[in-house]
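Now for the letters of each chain:
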Amino acid sequence: VELQKENEVMATFKASCSNCLLSFCCSGPRAAHTMHSTGILNYWIGLFAMTCFPCCTLWCVNSFTELNEKLGGKRRNCIMACL
């Protein structure tokens, strides 16, 4: 929950090395698991979307779902979700 209060750059520096490595090397499966665990999207649909359209998928999920709120953060508008 504390990482959700940080901006994206500062949260990266506070995350563990293994978490950063998994996020870098396995971003599609990691994001699909998060979306599935929060009830946003089925794992396999999320994995397909993250494999074929990663930027669009992240933008849609951050802009139009309650993912950030379920993870303890704040909802982003369409413009801020692009950044």
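Residues numbered from 1 in each chain as written. Predicted model: local features only at pLDDT ≥ 70, side-chain atom pairs only at ≥ 80, totals over all residues. Heavy atoms only, no water.

### So, the overall build of the chain
This is how it is decided: By the criteria applied, helices consist of DSSP H or I runs no shorter than four residues and strands consist of E runs no shorter than two, each listed in order from the N terminus. The globule rule used here is 2.2 Å times the number of residues to the 0.38 power, and the radius of gyration it is set against is calculated over C-alpha atoms. Partly exposed residues are those whose accessible area sits between 20% and 50% of the maximum for their type, while under 20% is buried and over 50% is exposed, using a 1.4 Å probe and protein chains only. Contacts were defined at the residue level, with two residues in contact if any of their heavy atoms lie within 4.5 Å. Areas reported here follow the Shrake-Rupley algorithm with a probe of radius 1.4 Å; residue values treat only the protein chains shown as occluding.
For the chain, the helix and strand inventory stands at eight helices and zero strands. Secondary structure elements of the chain, listed N to C terminal, follow the sequence α-α-α-α-α-α-α-α. Its C-alpha atoms give the chain a radius of gyration of 12 Å, within 12% of the compact-globule value 12 Å for 83 residues. Burial analysis of the chain (83 residues in total) assigns 24% to the buried set. Here the analysis covers contacts within the chain between residues at least 6 apart in sequence; of these, 29% occur between residues at least 24 apart. By element, 67% of the accessible surface of the chain is carried by carbon and sulfur atoms, the whole surface being about 6,000 Å².

### Concerning the nonpolar core
Definition in use: Here, nonpolar core means buried Ala, Val, Leu, Ile, Met, Phe, Trp, Tyr and Cys residues that are tied together by side-chain atoms lying within 4.5 Å of each other.
Counting residues in each nonpolar core, the largest one holds six residues, listed as Ala31, Met35, Ile40, Met50, Val61 and Leu67. Non-local contacts of Leu67, meaning those with residues more than four positions away in its chain, are made with Thr34, Thr38, Ile40, Val61 and Asn62.

### Details of the side chain of Thr38
How we decide: The term polar contact refers here to a pair of N or O atoms within 3.5 Å; inside protein, the definition further demands a hydrogen-donor-capable atom paired with an acceptor-capable atom, and it admits residues adjacent in sequence only when both atoms are side-chain atoms.
Within the fold, Thr38 resides in the loop between helix 4 (27-37) and helix 5 (43-52). For Thr38, a relative accessible area of 14% puts it in the buried group. Polar contacts involving the side chain of Thr38 include one to the main-chain carbonyl oxygen of Thr34, which spans 2.9 Å. For Thr38, the residues in contact, after removing those within four places along its chain, are Leu67, Lys70 and Leu71.

### Topic: the pattern of salt bridges
Quick reminder of the rule: For this document, the term salt bridge refers to a Lys or Arg side-chain nitrogen within 4 Å of an Asp or Glu carboxyl oxygen.
With the rule as written, the count across this model stands at two salt bridges. For Glu6, the salt bridge goes to Lys14, with nearest N and O atoms at 2.8 Å. A relative accessible area of 28% means that Glu6 is categorised as partly exposed. The partner of Lys70 in a salt bridge is Glu66, with the nearest N and O atoms 3.6 Å apart. A residue is classified by how much of its surface remains accessible, and Glu66, at 32% relative accessible area, is partly exposed.

### What about a nonpolar patch on the surface?
Test applied: What makes a patch is a set of residues exposed beyond 30% relative accessible area and free of salt bridges, joined within 9 Å when like-charged and within 5 Å when nonpolar (Val, Leu, Ile, Met, Phe, Trp, Tyr).
Together, Val9, Met10 and Phe13 make up an exposed nonpolar region whose accessible area comes to about 340 Å². The class for Val9 is exposed, based on a relative accessible area of 54%.

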